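Observations on the three-dimensional arrangement
Below, each chain spelled out in residue letters.
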Amino acid sequence: MGTSLTPEFWERFAVLLAVAIVATVALSAALDTLVVRLGRRHPRAHRTEQPSPRLSRTPTHC
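Residues numbered from 1 in each chain as written. Predicted model: local features only at pLDDT ≥ 70, side-chain atom pairs only at ≥ 80, totals over all residues. Heavy atoms only, no water.

With respect to the overall build of the protein chain
Quick reminder of the rule: In this description a helix means any DSSP run of H or I spanning at least four residues, a strand means any run of E spanning at least two, and both kinds are numbered starting from the N terminus. Note on classification: 1.4 Å probe, protein chains only; a residue is buried when its accessible area is under 20% of the maximum for its type, exposed when over 50%, partly exposed between these limits. Computed by Shrake-Rupley with a 1.4 Å probe, the accessible areas treat only the displayed protein chains as cover when residues are assessed.
Looking only at helices and strands, the protein chain features 1 helix and 0 strands. Residue burial in the protein chain is summarised as follows: out of 62 residues, 0% are buried. For the protein chain, the exposed surface amounts to about 6,800 Å²; the carbon and sulfur share of it is 63%.

Here it is in structure tokens:
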């Protein structure tokens, strides 16, 4: 009772796979663009805190 997959099935499978890949890449690029634009509109530079002393680049153990 083994049935083989027809060439028509593989053709449709390839087309659907290609459409899914293109849609995924396009949606990802659109969302990336949206996030970048939102990041430029609302920068996170509103902080007034000083950086942690552990993160400073000047040595403190001289």
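Digging into the pattern of salt bridges
We apply this condition: A pairing counts as a salt bridge when a side-chain nitrogen of Lys or Arg comes within 4 Å of a carboxyl oxygen of Asp or Glu.
All chains considered together, the criterion is met by 1 salt bridge. Residue R12 is joined to E8 by a salt bridge in which the shortest nitrogen-to-oxygen separation is 3.2 Å. Of this pair, R12 and E8 both sit in helix 1 (residues 7-41), 4 residues apart, which is roughly one turn of that helix. Residue R12 is classed as exposed on the basis of its relative accessible area, which comes to 55%.

Observations regarding the packing of aromatic side chains
The following threshold applies: Stacked, tilted and edge-to-face are the three classes applied to pairs of Phe, Tyr and Trp rings, where Trp contributes its six-membered ring and a pair requires centres within 6.5 Å; stacked means planes under 30 degrees apart, edge-to-face means over 60, and tilted covers the rest.
In the structure shown here, the tally under the stated rule is 3 aromatic pairs. Their ring planes at 75 degrees and their centres at 5.1 Å tell us that F9 and W10 sit as a pair that is edge-to-face. Ring geometry for W10 and F13: centres 5.8 Å apart, planes at 85 degrees, overall edge-to-face. A residue pair is termed a helical-turn pair when its members lie 3 or 4 positions apart in one helix, as W10 and F13 do in helix 1 at 3 residues.

Some words on a nonpolar patch on the surface
Cut-off, in case you're wondering: Patches were defined on residues exceeding 30% relative accessible area and lacking a salt bridge, with like-charge contacts within 9 Å and nonpolar side-chain contacts (Val, Leu, Ile, Met, Phe, Trp, Tyr) within 5 Å.
On the surface, a cluster of nonpolar side chains totalling about 690 Å² of accessible area is made up of L5, F9, W10, F13, L17, I21 and V25. Structurally, I21 is set in helix 1.

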